[in-house]
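# Descriptive structure summary
Residue strings, one per chain:
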Amino acid sequence: MPNKSAIIIGITGQDGAYLAKFLLDKGYEVFGIFRRLSTPNFWRLQYLGIFDRVNLIPADLIDGTSLVEAIKISEPDEIYHLAAQSFVGASFEQPVGTGEITGLGTTRILEAIRHINPKIKFYQASTSELYGNNKSGIQNEDTPFRPASPYAAAKLYGYWITKIYRESYGIFACNGILFNHESPLRGLEFVTRKISNAVAKIVLGMESSIELGNLEAKRDWGYAPEYVEAMWLMLQQDEPDDYVIATNEAHSVKEFAQKAFEIAGLNWKNHVKVSQKFLRPLDVNFLRGDYSKAKEKLG
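Residues numbered from 1 in each chain as written. Predicted model: local features only at pLDDT ≥ 70, side-chain atom pairs only at ≥ 80, totals over all residues. Heavy atoms only, no water.

### A word on the layout of surface pockets
In this structure, the second largest pocket encloses a volume near 310 Å³. Looking at the second largest pocket, the residues that line it are Glu226, Tyr227, Glu229, Ala230, Leu233, Ile245, Ala246, Tyr291, Ala294, Lys295, Leu298 and Gly299. Broken down by element, the residue count for the lining of the second largest pocket peaks at 5 residues, all from helix H8 (residues 224-235). Across the lining of the second largest pocket, the residue classes tally to 8 nonpolar, 1 polar and 3 charged. (1 Å grid on protein atoms, 1.4 Å probe; cavity = no way out; pocket = protein on both sides within 12 Å on 5 of 7 lines; lining within 4 Å. Points joined across faces, edges and corners; volume = space filled by probe spheres on them. Helix = DSSP H or I, 4+ residues; strand = E, 2+ residues; numbered from the N terminus. Nonpolar A, V, L, I, M, F, W, Y, C, P; charged D, E, K, R; others polar.)

Given below as structure tokens:
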């Protein structure tokens, strides 16, 4: 018998799939909550060769009863909440839905934990987008939040409700404030994969150019398989706490594009076009995380 069981809410996403593999390798029994869609979205689990090793449960963040049912079925020791409407651009088009899913969804899970088994450890996927356009050159756990999108505002609610349940009910609940993290499993709507995919198509002669938005925006980009280990480490500590996970480096979208085209032997200037339609109503220009606390406490 495995020594522990975990639920991953959002197992079909990049982080969910990598975390599932990580936990399976640790001997966990892994349950994954997924949203029923007309087209199943299990390709990441299949890509990692673990689709047959996870127990999948259909549920929805908007439907609290389905979450209660999933927790009762799986009796988990740990819950990793990674599901969200996670695309910043789309949150401007669907601000109410984003609040309902990304914000209130977190409360529904915490309420279920409180009623079913308050000893379950809970991980909340927070985000560097919480910092928005703050004036500090580097962001840590004490940097003030200034959300600059409906997505970030919904995540801010999720962050605080997690702390409130920790302090009010003694639930072992942690916020991982993760800066951008990428991998081959990243969705194509995210700029890193959008660029790498376009470079491949251009090299193969399938396309000639790519349209991007704000080239000057700087992000702290890390590697997803390493970041899921940090999530797990947070829930293995003696006390629950919140941690920034980052690389301490910031690079611009322009740099990223330049490097990607360079690797393929191309000059980015010949292929990149800036399009107004990819500019957000309010953009975050600079994010760089300070990982000192995680380095000291999580190793």
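Having put the structure on the table, let's press on.
### Comments concerning a nonpolar patch on the surface
Together, Val203, Leu204 and Met206 line one region of the surface with nonpolar side chains, adding up to about 340 Å² of accessible area. Within the fold, Leu204 resides in the loop between helix H7 (191-203) and strand S8 (210-212). (Patch = residues over 30% accessible without salt bridge, like charges linked within 9 Å, V, L, I, M, F, W, Y side chains within 5 Å. Areas by Shrake-Rupley, 256 points an atom, 1.4 Å probe, with all protein chains shown as cover. Salt bridge = Lys/Arg side-chain N within 4 Å of Asp/Glu carboxyl O.)

### Considering the environment of Lys201
If you trace the backbone, Lys201 turns up in helix H7. Residue Lys201 is classed as partly exposed on the basis of its relative accessible area, which comes to 27%. What Lys201 contacts, discounting residues up to four positions off in sequence, is Met206 and Glu207. (Buried < 20%, exposed > 50% of the residue type's maximum accessible area, 1.4 Å probe, protein only. Contact = heavy atoms within 4.5 Å.)

### Some details on the sheet that holds strand S2 (residues 29-34)
Strands belonging to one sheet form pairs held by backbone hydrogen bonds; the direction of such a pair is parallel or antiparallel. If you trace the 7 strands from one edge of the open sheet to the other, you get S3-S2-S1-S4-S5-S6-S11, paired in parallel fashion. Each of the sheet's edge strands pairs with one partner strand only, and the pair in question is strand S3 (55-58) and strand S11 (243-245). Adjacent strand axes in the sheet meet at a mean angle of 25 degrees when their direction is disregarded. Relative to S3, S2 runs parallel, the two being bridged by 4 bridges. (Pairing = 2+ DSSP bridges. Axes fitted to C-alpha atoms, helices over the stretch in contact; angles between N-to-C directions.)

### Overview of the pattern of salt bridges
Summed over the entire model, instances satisfying the criterion amount to 12 salt bridges. A salt bridge links Glu78 to Lys4; the nearest nitrogen and oxygen atoms lie 3.3 Å apart. Remark: Lys4 occurs in the segment before strand S1 (5-9) and Glu78 occurs in strand S4 (residues 78-81); sequence separation between them is 74 residues. A salt bridge links Asp242 to Arg166; the shortest N-O distance between them is 2.8 Å. Of this pair, Asp242 sits in the loop between H8 and S11 while Arg166 sits in helix H6 (residues 150-169), and the two are 76 residues apart along the sequence. Through salt bridges with shared partners, a single network forms among Lys163, Arg166 and Asp242.

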